[in-house]
Every structure is written in C-alpha cells, then in structure tokens.
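One-letter residues, chain by chain:
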Amino acid sequence: MAALDPGEEHTRFTEWAKRNGVQINGVAPAKFVDRGMGIVAAKDLKKGDQLVHVRSTSLITVAHPSIQALKFPAKTTVHARLAAYLALSFTNKGGELTPWQAVWPSEQDLETILPIHWPKKLQDLLPNAANVLLTAQRSKLEKDYLSIHSLPTFSHLPKPLFTHAWLLVSTRTFYWEYPDLPPAHPRLPKKRSNLTADDCYAMVPFMDYFNHSPRGCDPAHDRSGYSVTADRDYSAGEEVCVSYGSHTNDFLLAEYGFILEENACDALALDHIILPQLSAAQLATLKEDGFCANYTLSPSASSSPAAAAAAAICHRTQAVLRLLTLPHRRYAAFVSGTDDSAADQARVDAYLLGLLVKYERQVMEILEEVEGLDETASEQKDVLGRRWRQIRRIVRGAVGTLGGG
C-alpha cells in the first residue's frame, strides 16, 4: 500500500520527539489512503535493527512530575489521571505537549472510528463480544469522569474534552510497570507487588504511530525506556507494524475501531449462545468448578474433521457442553481430567451443531440489516459487514466440521 507524505505537523512532531529523548533509526511516519497514520521503513532494514528507542524520562506516566503535581486522590484510576492531565494540556496552547497533541486523532476522528461514539442503532449491530466490551468501556469512562469532575481542579472540565483525552489514553498507551522505580517508590500508583495491568499505562511519543499486526515487531521495555526492533527484513517504503498482543477482532473493534482481515488470534465468543441454555444449578456448578463463561470457537485449518473440532472448541466449551448433555458424573470426570470423554464427543458435537445452525440464521439476519444501512454510516457499515462475514465463515466452518453440511 502506497505511503503518502503525512504533512508538516508530523514533520514538526518528529523533530520535537528527537529533541525529547526519542531515537529514530530508518523509519518515518506516513499516511495511508483509507488507513490513517502509520510507520514505514525509510530505507532497507535488517532483522534486529533498532528502529525506535524512547527513554524512560520521555514517557508520560502517573509517575511523571507534572502529573504528580496534580495530587490526585489515591483512589483515582491511572486511566483517569492520565486523561485529566491530557485534557488540561489541551487547554494549554503552546505547552510542552503541543507538538505531540497536534498529531493525535481529533475528536471527530474518534467519533467516526470508535464504537463508543457510534449511534445506538449501529452499536446494537455489534457482535455480542464487542458489545460486552463496549458496555464495560462506557462504565469505566463514566466512573472516571465523575471521579475527576468531583475534584476542584477539574470541576470545570467539559465531559467531551475529558472523553477525548480518555479515549486517547485507551487507544495509545503501552504497558509499563515502572522498571525505573524501586518497588515502594512514592511515585508508583501502588506498591509494585500490588500493581495490575490497569495501573501500568504509559504514553510513548512516536511509538504510538505504529499500527497493529499479529506478526509485527514486539515492543520491549526496561528501566532505560521503550524500544522497537525489526522482527524481519523490511524494504524501503514497506509499513512496519508492532503487535498490541493476542486479541480477537471483536476486541480490536471495540477498543480500537478496526479489525484485521487475517488474524490468527481471532475467535468467536459463545457465551451469549450457551449461557441461556443453563439452569441456575448448572451455573452454580460451573462457577464452583471455575468453568463459567469465556467459551470460544476458533477457526481451524486442520485437514482432519475430528482434529478440527477438537482444536476449534476450547476446553471450557467442551466442559459446559458435557454438563448440558451428559450425566453429571461424565461431566465431573471430564473436568477432573480422569476421563477425556471421547466416547461422548458425538453427542456433545450434535448439541453444539444445533446451537450453531440456529445462530447462523441470526448472523444472516444481522448481515442483511447491516447491508441495508444507508451511506451516511459507510465506514461503520463497512467494518460491521466485514466482521459479520468473518463470523459467518467461522460458524459455517464449524457447522461443516461438526457434520452439518
């Protein structure tokens, strides 16, 4: 895909980044038609070349002196603190972050891309797994805004501005557990032993240009900062991506507003199909055994139907299907590992087949509704249509593997 000159603001930011602790070697920001911004190889690159290094003192984390000076209450989430700081910085024209802010997505950009901003009729057409994530996202945003708005320093902060900053944090941060600080340093959000993933956010200048690919470069960090090293050889002009982690397309859609055409980590969540089939007693059993929810169906490339079924249906799903279709002792033997219940597989598969055949009809109905959307929602219509067609392929593949034709 051809890369275009990104514009003067990106050139200015790149120079600002270099002056502020970012080493850039052989790569440059570029604009892609219908894809937004990304990173390209500015010359031929070799596997192992260090492409970017951002020193730890250039990161924006809650340990940053400017954020520490705001004296947030300890209960304020890391996400909320960073968002409030960014929102304040937007009101400070000519401040230290101004060149970086100039290249971030605008409010209008995010309103088009991210499902949290879509009209309800479009949100209702999201796959169930994406909608579950979206509901949690809305809840976190609301709680964070209320906690920030209750503080005198931020009581004047408009919600749209905070929301914009909050979503920038959500979509542009990297994982950082403060390796440059001692275990109980006062600038840590918690003692190191108590840190969770929600405490470990960092805004990393220039590195937030990289787009995601499951087979991209793996960002690495240590006490000196963050770096990206080439995972393979690249030709000049070729896009260079990083991996955000192992995520399904429903996660990528809800959190970032895009999906991948080829995603080895993709899977279809089955909770909304299976959980309604369970009685209260069965739900209690699954909770006690640690097998309640998180049921998935993955595409399988296996040439053997039997092997494909085993690979595509996760172990948790195999367990719940046995509870639904077999005597309790057979389920108990399976979850305890004393019996793989291979003799019961045909019965289990037949039950799942019935659920999937019914769901395939629902998928077709939703696809018809998506395809009937008017062109005022063309971008959302495109991504929804592509995602539901992916889901249809996963379901049809499983139906065929399970003997449904």
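Residues numbered from 1 in each chain as written. Predicted model: local features only at pLDDT ≥ 70, side-chain atom pairs only at ≥ 80, totals over all residues. Heavy atoms only, no water.

- Named according to an unreviewed UniProt entry, the chain is SET domain-containing protein originating from Trematosphaeria pertusa.

So, the domain arrangement of the chain
Then step 1. Annotation of the chain at the domain level lists domain 1 (60-203) and domain 2 (268-404).
Then step 2. Centre-to-centre, using C-alpha coordinates, domain 1 lies 35 Å away from domain 2.
Then step 3. The interface is formed by 9 residues belonging to domain 1 together with 15 residues belonging to domain 2.
Then step 4. Overall, the association of domain 1 and domain 2 removes approximately 1000 Å² of surface from exposure, summing both partners, and the carbon and sulfur fraction of that is 78%.
Then step 5. Taken as a group, Leu122, Leu125 and Pro127 account for 52% of the area that domain 1 buries against domain 2, more than any other trio of residues on that side.
Then step 6. For the pair domain 1 and domain 2, the interface holds 0 salt bridges.
Then step 7. Inspection of the domain 1/domain 2 interface yields 1 residue pair in polar contact (both at pLDDT 80 or more).
Then step 8. Where the side of domain 1 that touches domain 2 is concerned, the elements lending two or more residues are helix H6 (120-123) and helix H7 (128-149).
Then step 9. In the side of domain 1 that touches domain 2, the residues fall into 6 nonpolar, 2 polar and 1 charged. (Domains from an automatic or database assignment. Contact = heavy atoms within 4.5 Å. Buried area = accessible area lost by both parts, 1.4 Å probe. Salt bridge = Lys/Arg side-chain N within 4 Å of Asp/Glu carboxyl O. Polar contact = N/O pair within 3.5 Å; in protein donor to acceptor, adjacent residues only side chain to side chain. Helix = DSSP H or I, 4+ residues; strand = E, 2+ residues; numbered from the N terminus. Nonpolar A, V, L, I, M, F, W, Y, C, P; charged D, E, K, R; others polar.)

A closer look at the environment of Leu88
Then step 1. Locating Leu88 in the fold gives a position in helix H3 (residues 78-90).
Then step 2. For Leu88, a relative accessible area of 21% translates into the label partly exposed.
Then step 3. Distance in space between the C-alpha atoms of Leu88 and Phe162 is 8.8 Å, their sequence separation being 74 residues.
Then step 4. Non-local contacts of Leu88, meaning those with residues more than four positions away in its chain, are made with Leu70, Phe154 and His156. (Buried < 20%, exposed > 50% of the residue type's maximum accessible area, 1.4 Å probe, protein only.)

Things to note about the environment of Glu379
Then step 1. Residue placement: Glu379 occurs in helix H16 (residues 378-401).
Then step 2. In sequence terms Glu379 and Phe174 are 205 residues apart; their C-alpha atoms lie 27 Å from each other.

Looking at the sheet that holds strand S9 (residues 220-222)
Then step 1. Pairing is antiparallel across the open sheet formed by 4 strands, whose spatial order is S2-S5-S10-S9. The strands lining the two open edges of the sheet, one partner per strand, are strand S2 (22-24) and S9. Within this sheet the neighbouring strands show an average axis-to-axis angle of 15°, counted without direction. (Pairing = 2+ DSSP bridges. Axes fitted to C-alpha atoms, helices over the stretch in contact; angles between N-to-C directions.)

Concerning the packing of helix H9 (residues 249-256) against H16
Then step 1. As a packed pair, H9 and H16 sit with axes 11 Å apart at the nearest point and diverge in direction by 160°. By the angle class used here, H9 and H16 are roughly antiparallel. Along this stretch, H9 crosses H16, giving a crossing that reads as left-handed. In this structure, H9 contributes Asn249, Asp250 and Leu253 to the contact, and H16 contributes Val383, Arg387 and Gln390.
Then step 2. In the contact of H9 with H16, the residues fall into 2 nonpolar, 2 polar and 2 charged. (Parallel < 35°, antiparallel > 145°, perpendicular 65-115°, else oblique. Left-handed = near helix turned anticlockwise from the far one by under 90°.)

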